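The lines below spell out each chain.
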Amino acid sequence: MPDSRVTIHMAASLDGFVARKDGRVDWLETSDEFIGGATMEPGFVEAFLKTIDCYVMGSRTYETALGFEARGFGWSYGDKPTFVLTSRELPRIRNTIELYSGDLAQLVNGRLRPTFRTIWFVGGSVVSAECLRRGLADEVRYSILPVLIGEGIPFFEKLDRDIPLHLAEVTAYKSGMVELRYEVSRGTT
């Protein structure tokens, strides 16, 4: 699909970590309140999620999502096709999940872009960095939570060069979370 869009989206602490070193994300639930912030009304969130055609994630993010579901929080990705990048044997808990161990560019450009309009990379600092290194991402959505955790797994692991971005949108929420939307600058990446 020529008008397809690849988005990298992750939530991180203010100091840039997507998880603790052991993979825990217990800090995601914060109790801050920003009076002038926007609210995430359930209807808005539901309508927005319907605009996402498929998800791509790394195996550790998938295992975290499986853990959330096992604890009764549900499956965050609905019935959308979900591609898990892994070379390990992992449980497939739904028919919409595909485990993929091939070339990332081939997956994105050869399979996903021709079929899906909105492709969301939703986790894995290694996966997200690889997506940027390969020039596959069109935008980065970075949700910053109001917490510092000191150390952990960085948002992007091992970027080997600068990736120029253009700030396109900033939204502050009542929860204290700030979402930044950047477009990946083309031609200089």
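Overview of the structure. Along each chain, residues carry numbers from 1 onward, in the same order as the chain's sequence is written. Thresholds applied to this predicted model are a pLDDT of at least 70 for local features of residues and 80 or more for the giving and counting of side-chain atom pairs; totals over whole chains, interfaces and linings are not thresholded and use all residues. Processing note: side-chain calculations cover all non-hydrogen atoms of the structure and skip hydrogens and water entirely.

**A word on the nonpolar core**
Alright, step 1. To qualify as a nonpolar core, a set must consist of buried Ala, Val, Leu, Ile, Met, Phe, Trp, Tyr and Cys residues joined through side-chain atoms within 4.5 Å. Burial status follows relative accessibility: with a 1.4 Å probe on protein chains alone, a residue under 20% of its type maximum counts as buried, one over 50% as exposed, and anything between as partly exposed. If you look at the biggest cluster of nonpolar residues, it comprises 33 residues, and the most contacted ones within it are I8, L112, I119, F121 and C131.
Alright, step 2. Strands here mean DSSP runs of E at least two residues long; helices mean DSSP runs of H or I at least four residues long; both are numbered from the N terminus. Among the elements that take part in this core, helix α3 (residues 104-115) stands out by supplying five residues, more than any other.
Alright, step 3. Not counting chain neighbours up to four residues away, the residues in contact with I119 comprise S4, R5, V6, T7, C54, V56, L112 and R113.
Alright, step 4. M57, L66, Y77 and L90 belong to the second-largest nonpolar core, a separate cluster that totals 13 residues. The contact rule is simple, with two residues in contact once any of their heavy atoms fall within 4.5 Å.

**Focus on the layout of surface pockets**
Alright, step 1. Note on definitions: the grid is 1 Å and covers protein atoms alone; a cavity is a set of points where a 1.4 Å probe fits but cannot get out; a pocket is an open set with protein on both sides within 12 Å along at least five of seven lines; lining residues have an atom within 4 Å of a point. Grid points are joined across faces, edges and corners, and a volume is the space filled by probe spheres set on the points. Looking at the largest pocket, its volume works out to about 1800 Å³.
Alright, step 2. Around the largest pocket sit 49 residues that line it, and H9, A11, L28, S76 and Y77 are the ones nearest its centre.
Alright, step 3. Put simply, the parts of the chain that give the lining of the largest pocket at least two residues each are β1 (5-13), β2 (17-19), α1 (42-50), α2 (59-70), β7 (139-145) and β9 (165-172).
Alright, step 4. Polar here means any residue outside two lists: the nonpolar Ala, Val, Leu, Ile, Met, Phe, Trp, Tyr, Cys and Pro, and the charged Asp, Glu, Lys and Arg; Gly therefore counts as polar. Among the residues making up the lining of the largest pocket, the classes are represented as 27 nonpolar, 14 polar and eight charged.

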